[in-house]
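# Secondary and tertiary structure notes
Here's the letter readout for the chains.
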Amino acid sequence: MSTESASAIQKSQVDLVDFVDWSGVECLNQNSSHSLPNALKQGYREDDGLNLESDADEQLLIYIPFTQVVKLYSVVVKGPEEEGPKTVKLFSNKEHMGFSNVNEFPPSDTAILSPDNLKEKPVVLKYVKFQNVRSLTIFIEDNQSGSDITKVQKIALFGTTVETTDMKGLKKIEDH
């Protein structure tokens, strides 16, 4: 993952929050009073008083399914200087991952977040690895200071939707 970024998000890219399948979103090792919606949902993630916090240790494992196939270009991860995420591994279309098996799979991309990244500088992803994304797993391995609690104030995913047919919307044509 390149920590170099374009000066801004490209015009054709959109915030993919509207395409998140909220019924399937999961976060392992989150503090129940500082949960994932604080960092991911629009409105909540803009409030600096709200954040996602890890619970037992510094690691977080986030699963985000989408309602349609997307192309992911960049990610924004905002966090405090000390407890903000440092090593972030992203996995495209990997379901049912847990802390016990997350290291068995090669990540689609890895980022070491800089202080600028934690202040909302987008991290540009390896574009070829994120072409047909149905779900994204984000593994936050550690934080900037090595403390036991990781805090994430905002996660924003930028990309485009892939034009596909909505199979649920199709109706069977009756034979006459």
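What you are looking at is a predicted structure, and each value in this text was computed from that prediction instead of being measured.

### A word on the confidence of the model for the protein
Mean pLDDT for the protein: 90, with 87% of residues reaching 70 or above. Low pLDDT, under 50, characterises residues 1-8; the predicted model gives this stretch 19 contacts beyond four residues in sequence or across chains.

### Looking at the pairing of strand E5 (residues 87-92)
Counting buried residues in E5 gives six out of six residues, a clear majority hidden from the surface. Burial along E5 is two-sided: Thr 87, Lys 89 and Phe 91 and Val 88, Leu 90 and Ser 92, pointing in opposite directions, are all buried. Across four bridges, the pairing between E5 and strand E6 (residues 109-112) is antiparallel. Paired with Val 88 across the two strands is Ala 111, which belongs to E6. Note: E5 against strand E8 (residues 133-140), five bridges, orientation antiparallel.

### Quick look at the packing of aromatic side chains
What describes a pair of aromatic rings is the distance from one ring centre to the other and the angle between the planes of the rings. Tallied over the entire structure, the rule returns two aromatic pairs. Between Tyr 73 and Tyr 127, the aromatic rings sit 4.7 Å apart at their centres with planes inclined by 20°, giving stacked as the arrangement. A residue pair is termed long-range when its members are at least 10 positions apart, and Tyr 73 in strand E4 (residues 60-78) and Tyr 127 in the loop between strand E7 (123-124) and E8 qualify at 54 residues. Residue Tyr 73 is classed as buried on the basis of its relative accessible area of 19%. An angle of 65° between the planes, with centres 6.3 Å apart, marks the rings of Phe 99 and Phe 139 as edge-to-face. With a gap of 40 residues between them, Phe 99 in the loop between E5 and E6 and Phe 139 in strand E8 connect regions that are remote in the sequence. When its relative accessible area of 32% is taken as the criterion, Phe 99 is described as partly exposed.

### Structural notes on empty space enclosed by the protein
A full pass over the atoms with the stated rule returns one cavity of 30 Å³ or more. In this structure, the largest cavity occupies an estimated 40 Å³ of space. Around the largest cavity sit Asp 15, Leu 16, Val 17, Val 20, Leu 40, Arg 45, Ile 155, Ala 156 and Leu 157, which together line it. A per-element tally of the lining of the largest cavity places strand E10 (residues 154-161) first, with three residues. Residues belonging to the lining of the largest cavity are distributed by class as follows: seven nonpolar, no polar and two charged.

### Some remarks on the side chain of Asn 38
As for its placement among the helices and strands, Asn 38 is situated in helix H1 (residues 37-40). Looking at Asn 38, its side chain comes within polar contact range of the main-chain oxygen of Asn 51, at 3.0 Å.

### What to know about the pattern of salt bridges
Applying the stated criterion across every chain, the model contains eight salt bridges. With a closest N to O distance of 2.1 Å, Asp 15 and Arg 45 form a salt bridge. Of this pair, Asp 15 sits in strand E1 (residues 14-15) while Arg 45 sits in the loop between H1 and strand E3 (52-53), and the two are 30 residues apart along the sequence. Across the pair, exposure class does not vary: Asp 15 and Arg 45 are buried alike. In the salt-bridge network here, residues are joined through shared partners; they are Asp 15, Arg 45, Glu 46, Asp 48, Lys 78, Glu 120 and Lys 154.

About the thresholds
- Residues numbered from 1 in each chain as written.
- Predicted model: local features only at pLDDT ≥ 70, side-chain atom pairs only at ≥ 80, totals over all residues.
- Heavy atoms only, no water.
- pLDDT = per-residue confidence, 0-100.
- Contact = heavy atoms within 4.5 Å.
- Buried < 20%, exposed > 50% of the residue type's maximum accessible area, 1.4 Å probe, protein only.
- Helix = DSSP H or I, 4+ residues; strand = E, 2+ residues; numbered from the N terminus.
- Pairing = 2+ DSSP bridges.
- Phe/Tyr/Trp six-rings, centres within 6.5 Å; stacked < 30°, edge-to-face > 60°.
- 1 Å grid on protein atoms, 1.4 Å probe; cavity = no way out; pocket = protein on both sides within 12 Å on 5 of 7 lines; lining within 4 Å.
- Points joined across faces, edges and corners; volume = space filled by probe spheres on them.
- Nonpolar A, V, L, I, M, F, W, Y, C, P; charged D, E, K, R; others polar.
- Polar contact = N/O pair within 3.5 Å; in protein donor to acceptor, adjacent residues only side chain to side chain.
- Salt bridge = Lys/Arg side-chain N within 4 Å of Asp/Glu carboxyl O.

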